[in-house]
Amino acid sequence: MQQQVYTEESEVEDGRSALRDRAQALLEFDVIRGRVAERATFFPARQLALTLQPSYDDYEVAMLQQETAEGRAVLDEAGEVDMFCPDDIEESVVRASIGGILTGLELLAVAQTIDVQANAKSGVLAVRQHAPLLADFAESIPNLSELTRQIRGRIGDRGVVRDDATHTLRALRSQIRQAYQRVTDSLNTLIQRAQSDNALQDNVISVRNDRLVVQVKAEMRSRVPGIVHDASNTGATLFVEPFSTVEIGNTWRELALAEEREIRKVLRDLSTLVGELARDIQRGSELTARLDLILARARYSYGIRGVRPLSPAELAPAASAPAASGTAAKSSDANSDDNADSKEQPAVEMHVRLINARHPMLGRDVVPVNVSVGPDWSVLVVTGPNTGGKTVAMKTVGLLALMHQAGLQIPADDGSVLPTFDGVYADVGDQQSIEQSVSTFSSHMYNVIEILGAATPESLILLDELGTSTDAEEGSALARAILEDLADRKVSTIATTHHRSVAAFAETSPGMMNSSVQLDADSLTPTYHLTLGIPGRSYAMAIAASLGLPEHILENAQGAIEPQYLRFEDWLTELQRERNQLQALLQEAEKSRGKTDALRQQLDEQIEYLITHRDDMLEGLRRGVLAQFDETQRRLKAAEASLSWGMPAGSSDMVHTESAREDIRRLREEIAAERATVPTSTPVREMPRELEVGDKVFVRGLNLGGVLVSLPENGSDAEVGIGNVRIQVQPSRLSLIEQQPEQGKPEVSIQIGPMLDSTELDVRGMRADESLAELELFLDKAVRDGFNSVRVIHGRG
């Protein structure tokens, strides 16, 4: 009995596996495998990519996605890791492990593979903080550098054993070269002697049966006695080894055979070493292949601008809220018994949400689609015209689900959600079989029956043109019954159909949601956008009219349509028109909102910058003003010193004196002006009048003063200039700065001091600043009084 149960379970699992494989073929998952394989550089990794399979285990899928994310981190941080190796050494390593002898080229391939393993290990470990999972794989790659050193030390780049592989081989090859030279010298001498007899066919040395020979004319055979090793095809030429070179030729061949034995010994020793380390080599290749496959998945994900989708478990509780209008009402009509079996209904867990999903085979110009299955419905019915994109949208969901479960990131926007399905099953396209006498409808129905038997609440089912290829009434009834069964079982399903009754059934049934693709109302070209909550139109009449169907035939066709159907079409047309208008308004509002947000962000950044750097700006301004003030004071002091020299009246230097007095007058004004510009607390008062352009205003919140550049209009902000910066400020934050009355200009008094009473100055014991001031004043007076020399005492006494 147990054996029977086991057999039945095995048969069911085999059936599911076959259905999964069929869905992968229908969704063209093999194309994705090929594109990943193109991005692998390690030969075993390419083989793994070509056999890439989705996983149906939650934990394994999460680990695969983590690997790919870390692979992208490695590419970001370290760039490309060199794992290029075009050779497959698996067969060579296995042969070496059972005692086979590898050739020099095979040994070089083994060494190259080990080098690639070392590159993979070091490249990943260099960024282990960004890829801890991959670093664990890399850490496990064995260190076989000694084997590589042994191989490269004995085998040359072309696979030839090196002379210095052994001492014996070096000696043998030296003797071989000498022996060969003796044989060739002897043959060349014979050729020169035989030229006079015209016995040779060609004056060259040839090799036959590993012996050095000359080419003798058949009729001149007696002129060159020796051993015949071969003849030409025509028999006109004989390849003869002269008796005079046989002995030295034997010596050369004996040495060559000894060389071959020594070479074989070297190859056998290295092959034995490879065989002993075969398991480590294979383990290193497996880990390197896994790392390169991960990087290949990461490279492909980069190419399609992929993202890692969220799992339903990662969604916030808010994600369980209804995603479309009308959904809550439909859900409330569901049978109350559904809640009682909630533990067996993972509808929320199998929630699908794809944002701007793109089919990876349609290029960068593909129109993205937004698709949701759940959380309040499990069956999505897609209707609309032919070539409108129904099947592409459905296949996009299925293919992205397979990619996700194979560890690939998906071409969609952040925030997309995909669960781990226990199977993706599809019935897509015409699978009619003439050989098996199976009609299109029978083929579809056979597939659907198999899928219904294999599906669970954790499966994803894709049904294309459900209920077609048979009588419309019966096909529609079958389609409704099949979808109702899937909705009752909470199986995630996407079905496309042309049956209006199926769309109407989905509109009124719990657990189902309508969606549609549309044509542009004017050009009748597909928009490829998927719209939730609205059934689609067929556009059959409009398309027939645009293609030139006679008008009287169109009128007869429209007259045959039931009035209820026409009213439904008119309702859909009006609904689509209103939706397009609303979408245009929403897009315009979104653009305006984007501009407003950008301006607000710019203003916030400017205000934040001013607030952050306010003290620095004021300090810089204060330093600048004080520097100018100090410079002015210095110039004033120089002018005072010039006047203090007391030039006699009528002197030619009186002009300079008058110029100095003019400098003093001007500098007084500069000092007064510069003092007034030093930042101080500015008294403000409430505005006794309306602000005007050019007013000096105080900005509350920034504690800065500025000049009003423009007045607010229609509730907008005022523009204030603060130095070279202009900012937008709310009028309520502005106060008028009260203008201070001008104070009298400070008088500069210059007096001629008394004459020097001594020509000696003692600055010992003074501080540096104090002594410099005294010295400067002392020297000024000395110059003024006409002294040619003075005495200054300084230092420590």
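Bear in mind that the values here come from a model prediction, so they are computed numbers and not experimental data.

Q: What exactly am I supposed to notice about the confidence of the model for the protein here?
A: When the pLDDT values of the protein are averaged, the result is 79; 75% of them are 70 or greater. Here helix 12 (residues 327-332) stands out as the least confident element of the protein, with mean pLDDT 38; helix 2 (residues 29-38) is the most confident, with 95. Confidence over residues 432-438 falls short of pLDDT 50; this stretch has 6 contacts with residues more than four positions distant or in other chains. In the model, residues 647-653 has pLDDT below 50 throughout and makes 4 contacts with residues more than four positions away in sequence or in other chains.

Q: In this structure, what is going on with the sheet that holds strand 1 (residues 200-208)? I would like to understand it.
A: Adjacent strands of a sheet pair through backbone hydrogen bonds, lying either parallel or antiparallel. Reading across from one edge, 1-2-4-3 is the order of the 4 strands in this open sheet, with antiparallel pairing throughout. In this open sheet, the two edge strands, each paired with only one partner strand, are strand 1 and strand 3 (226-231). Within this sheet the neighbouring strands show an average axis-to-axis angle of 35°, counted without direction. Here strand 1 pairs with strand 2 (residues 211-217) via 6 bridges, running antiparallel. Opposite Asp202, over in strand 2, you have Gln215 as the bridge partner. Relative to the sheet, helix 10 (residues 243-276) contacts strand 2, strand 3 and strand 4 (237-242), its axis offset from that of strand 4 by approximately 75°.

Q: Got a minute to help me understand empty space enclosed by the protein in this structure?
A: Left-over empty space is what a probe sized like a water molecule reveals as it rolls over the atoms. For the coordinates displayed, the defined rule picks out 3 cavities of 30 Å³ or more. By volume, the largest cavity amounts to about 60 Å³. Taken together, Asp427, Phe441, His444, Met445, Val448, Leu463, Asp464, Glu465, Leu466, Gly467 and Thr468 make up the lining of the largest cavity. Per-element tally for the lining of the largest cavity: the top contributor is helix 15 (residues 440-454), with 4 residues. Taken together, the residues that form the lining of the largest cavity break down as 5 nonpolar, 3 polar and 3 charged.

Q: Got a minute to help me understand helix 2 in this structure?
A: Since the α-helix advances by 3.6 residues per turn, residues separated by three or four positions end up pointing in the same direction. Inspection of helix 2 places Phe29, Ile32, Arg33, Val36 and Ala37 among the buried residues, and these make up the whole buried set. Looking straight down helix 2, one finds its buried side chains confined to an arc of 140°; they lie on one side.

Q: Looking at this structure, I do not really get the packing of aromatic side chains. What am I missing?
A: The description of an aromatic ring pair rests on the distance of the ring centres and on the angle between the ring planes. On inspection of all chains with the given rule, the structure shows 1 aromatic pair. For the ring pair Tyr180 and Trp252, a centre distance of 5.7 Å and an interplane angle of 50° mean the geometry is tilted. Residue Tyr180 is located in helix 9 (residues 167-194), and its partner Trp252 is located in helix 10; the two are separated by 72 residues in the primary sequence. By relative accessible area, Tyr180 is classed as partly exposed at 37%.

Q: Could you clarify how one ought to interpret the pattern of salt bridges in this entry?
A: Counted by the stated rule, this structure contains 21 salt bridges. For Glu146, the salt bridge goes to Arg149, with nearest N and O atoms at 2.6 Å. Of this pair, Glu146 and Arg149 both sit in helix 8 (residues 145-154), separated by 3 residues, roughly a single helical turn. Looking at Arg149, the relative accessible area reads 51%, which means it is exposed.

Reading the values: the criteria
Residues numbered from 1 in each chain as written. Predicted model: local features only at pLDDT ≥ 70, side-chain atom pairs only at ≥ 80, totals over all residues. Heavy atoms only, no water. pLDDT = per-residue confidence, 0-100. Helix = DSSP H or I, 4+ residues; strand = E, 2+ residues; numbered from the N terminus. Contact = heavy atoms within 4.5 Å. Pairing = 2+ DSSP bridges. Axes fitted to C-alpha atoms, helices over the stretch in contact; angles between N-to-C directions. 1 Å grid on protein atoms, 1.4 Å probe; cavity = no way out; pocket = protein on both sides within 12 Å on 5 of 7 lines; lining within 4 Å. Points joined across faces, edges and corners; volume = space filled by probe spheres on them. Nonpolar A, V, L, I, M, F, W, Y, C, P; charged D, E, K, R; others polar. Buried < 20%, exposed > 50% of the residue type's maximum accessible area, 1.4 Å probe, protein only. Arc of directions from axis to C-beta. Phe/Tyr/Trp six-rings, centres within 6.5 Å; stacked < 30°, edge-to-face > 60°. Salt bridge = Lys/Arg side-chain N within 4 Å of Asp/Glu carboxyl O.

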